[in-house]
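Examination of the molecular architecture
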Amino acid sequence: IGKSGFETAHPGWLMLVSHIPTTGLGWVPHQKVVVKRPFIKVYPPSGSSAGTHKVGRLAVANELSKQYKEANVLYWANSLLDLTYAFINRCVMAS
């Protein structure tokens, strides 16, 4: 799908096993999603960081830690957005 400054994205699927919601993300088995993987730029040993680089992967422990933190932030951001919309809707209904 693409590559940005610090991660790559490709098609994947999602299968939740411990908590299966009744609606939203994860309620359909093998739901299609975009999988992101962080990467590091690996430059040639000549020391020039302005030239062509290769895509290198982080150690598995570091990659999982970064992805877990991002997923947690997105989860809380979604909750805050829902709370904001609920507040706005209550204010509109009250006016």
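Residues numbered from 1 in each chain as written. Predicted model: local features only at pLDDT ≥ 70, side-chain atom pairs only at ≥ 80, totals over all residues. Heavy atoms only, no water.

1. A short note on the overall build of the chain
Broken down by element type, the chain carries one helix and four strands. For the chain, the sequential pattern of α-helices and β-strands runs β-β-β-β-α. Out of the 95 residues in the chain, the part that is buried amounts to 13%. Partitioning the contacts of the chain with sequence separation of at least 6, the portion at a separation of at least 24 is 38%. Carbon and sulfur atoms provide 66% of the accessible area of the chain, an area that totals close to 7900 Å². (Helix = DSSP H or I, 4+ residues; strand = E, 2+ residues; numbered from the N terminus. Buried < 20%, exposed > 50% of the residue type's maximum accessible area, 1.4 Å probe, protein only. Contact = heavy atoms within 4.5 Å. Areas by Shrake-Rupley, 256 points an atom, 1.4 Å probe, with all protein chains shown as cover.)

2. Considering a nonpolar patch on the surface
Together, Leu81, Tyr85, Phe87, Ile88 and Val92 make up an exposed nonpolar region whose accessible area comes to about 500 Å². Its place among the elements puts Phe87 in helix H1 (residues 60-94). (Patch = residues over 30% accessible without salt bridge, like charges linked within 9 Å, V, L, I, M, F, W, Y side chains within 5 Å. Salt bridge = Lys/Arg side-chain N within 4 Å of Asp/Glu carboxyl O.)

3. Quick look at the layout of surface pockets
Its boundaries defined by the atoms lining it, the largest pocket holds a volume of some 1000 Å³. Lining the largest pocket are 27 residues, with Leu25, Gln67, Glu70, Ala71 and Leu74 positioned closest to its centre. For the lining of the largest pocket, the elements supplying multiple residues, two or more each, are strand E2 (7-14), strand E3 (31-42) and H1. Residues of the lining of the largest pocket, tallied by class, amount to 15 nonpolar, seven polar and five charged. (1 Å grid on protein atoms, 1.4 Å probe; cavity = no way out; pocket = protein on both sides within 12 Å on 5 of 7 lines; lining within 4 Å. Points joined across faces, edges and corners; volume = space filled by probe spheres on them. Nonpolar A, V, L, I, M, F, W, Y, C, P; charged D, E, K, R; others polar.)

4. Comments concerning the confidence of the model for the chain
Overall, the predicted model of the chain reaches an average pLDDT of 80, with 88% of residues at or above 70. Summarising per-element confidence for the chain, the mean pLDDT is lowest in strand E1 (residues 2-3) (57) and highest in H1 (89). (pLDDT = per-residue confidence, 0-100.)

5. Notes on the packing of aromatic side chains
Using the criterion set out here, one finds one aromatic pair in the structure. Relative to Trp76, the ring of Tyr75 has its centre 5.8 Å away and its plane inclined at 85°; by these criteria the two rings are edge-to-face. Of the two residues, Tyr75 and Trp76, both sit in the exposed class. (Phe/Tyr/Trp six-rings, centres within 6.5 Å; stacked < 30°, edge-to-face > 60°.)

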